[in-house]
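One letter stands for each residue in the lines below.
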Amino acid sequence: MRKTIVSFALAASLAVAPSVARAESPGAEIGFSLLSAVSNVFYTPAKVVVSAVGFPVGALAGFLNGGDTRAAYAFWVPMCGGRYFLTSDTMDGRAPVEFFGSDYADRPGTYGRAHHGGAAYEAKYIEQR
């Protein structure tokens, strides 16, 4: 009985103990966090300016093309898409920077495949015959 109680206590303590999500050292994590914070001081305002210019330019292009959303998307996707903030993952190379967006509506994005509802997400890309 004593062995069972000790085994249960050991298993419970292992289940409750905090675990490390990554194998990085704490110093490296601090470095990546500081680097992303300092980089965002310059990166985020630049991205916001590019988006603020791209949105009305895309709207004007769509209007001048008779309301064609594809003409508007030609400006909106690269200029308004992409990442607005850099994170520790972008600093250590685990995630791309993506200053300019690249997910056009004429091809499926990667979000729908990685999350629940992927079949519904890609349904609009199935050709009707």
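Remember, it's a predicted structure, so these values are computed and weren't measured experimentally. (Residues numbered from 1 in each chain as written. Predicted model: local features only at pLDDT ≥ 70, side-chain atom pairs only at ≥ 80, totals over all residues. Heavy atoms only, no water.)

With respect to a nonpolar patch on the surface
There is a patch of nonpolar side chains on the surface, built from Val 49, Val 53, Val 57 and Phe 75 and spanning about 300 Å² of accessible area. At 3 residues, helix 2 (residues 26-64) tops the list of elements feeding residues into the nonpolar patch. As for its position among the elements, Val 49 is in helix 2. Given the relative accessible area of 51%, Val 49 is considered exposed. (Patch = residues over 30% accessible without salt bridge, like charges linked within 9 Å, V, L, I, M, F, W, Y side chains within 5 Å. Areas by Shrake-Rupley, 256 points an atom, 1.4 Å probe, with all protein chains shown as cover. Salt bridge = Lys/Arg side-chain N within 4 Å of Asp/Glu carboxyl O. Helix = DSSP H or I, 4+ residues; strand = E, 2+ residues; numbered from the N terminus. Buried < 20%, exposed > 50% of the residue type's maximum accessible area, 1.4 Å probe, protein only.)

Considerations on helix 3 (residues 69-80)
Its 12 residues place the ends of helix 3 only 14 Å apart at the C-alpha level, less than the 16 Å of an ideal helix rising 1.5 Å per residue. Those residues of helix 3 that fall on the buried side of the exposure criterion are Ala 71, Ala 72, Val 77 and Pro 78. Buried residues along helix 3 sit in contact with helix 2. The N-terminus of helix 3 is capped by Asp 68, whose side-chain oxygen sits 3.3 Å from the backbone nitrogen of Arg 70. With its phi angle positive at about 90°, Gly 82 sits one or two positions after the end of helix 3. (Expected span 1.5 Å × (residues − 1). Contact = heavy atoms within 4.5 Å. Polar contact = N/O pair within 3.5 Å; in protein donor to acceptor, adjacent residues only side chain to side chain.)

Brief notes about the pattern of salt bridges
Under the defined criterion, the tally for this structure stands at 1 salt bridge. Across the pair Arg 94 and Asp 92 runs a salt bridge, and its minimum N-O distance is 3.3 Å.

Some points on the environment of Phe 75
Note that Phe 75 resides in helix 3. A residue is classified by how much of its surface remains accessible, and Phe 75, at 32% relative accessible area, is partly exposed. On a C-alpha basis, the gap between Phe 75 and Phe 55 in space is 7.3 Å, while along the polypeptide they are 20 residues apart. Those residues in contact with Phe 75 that lie beyond four places of it in its chain are Gly 54, Val 57, Gly 58, Ala 61 and Cys 80.

A few points about helix 2
Under the 1.5 Å per step criterion, the end-to-end length of helix 2 is 54 Å for 39 residues, consistent within 8% with the ideal 57 Å. The largest bend in helix 2 comes to about 45°, at Asn 40. Regarding helix 2, the residues found buried are Ser 36, Asn 40, Tyr 43, Thr 44, Lys 47, Val 50, Ser 51, Gly 54, Gly 58, Ala 61 and Gly 62. Along its buried surface, helix 2 packs onto helix 3 and helix 4 (88-91). Just downstream of helix 2 lies Gly 66, where phi reads positive at about 75°. (Bend = angle between axes of the 7 residues up to and from the residue.)

Here's the deal with the packing of aromatic side chains
This model, assessed by the stated rule, comprises 4 aromatic pairs. Arranged with centres 5.4 Å apart and planes meeting at 15°, the rings of Phe 55 and Trp 76 form a pair that is stacked. Taken together, the residues span a long stretch of sequence, with Phe 55 in helix 2 and Trp 76 in helix 3 at a distance of 21 residues. Under the relative-accessibility criterion, Trp 76 is labelled partly exposed at 24%. Where Tyr 73 meets Trp 76, the ring centres are 6.0 Å apart and the plane angle is 55°; that geometry is what we call tilted. With Tyr 73 and Trp 76 both in helix 3, this residue pair falls 3 residues apart, about one helical turn. Judged by its relative accessible area of 33%, Tyr 73 falls in the partly exposed class. An aromatic cluster is defined as three or more aromatic residues linked by ring pairs; in this entry it consists of Tyr 43, Phe 99 and Phe 100. The side chain of Lys 47 reaches across the aromatic face of Tyr 84, ending 5.3 Å from its centre. (Phe/Tyr/Trp six-rings, centres within 6.5 Å; stacked < 30°, edge-to-face > 60°. Lys NZ or Arg CZ within 6 Å of the ring centre and 35° of its normal.)

Nothing here speaks to function; it is geometry throughout.
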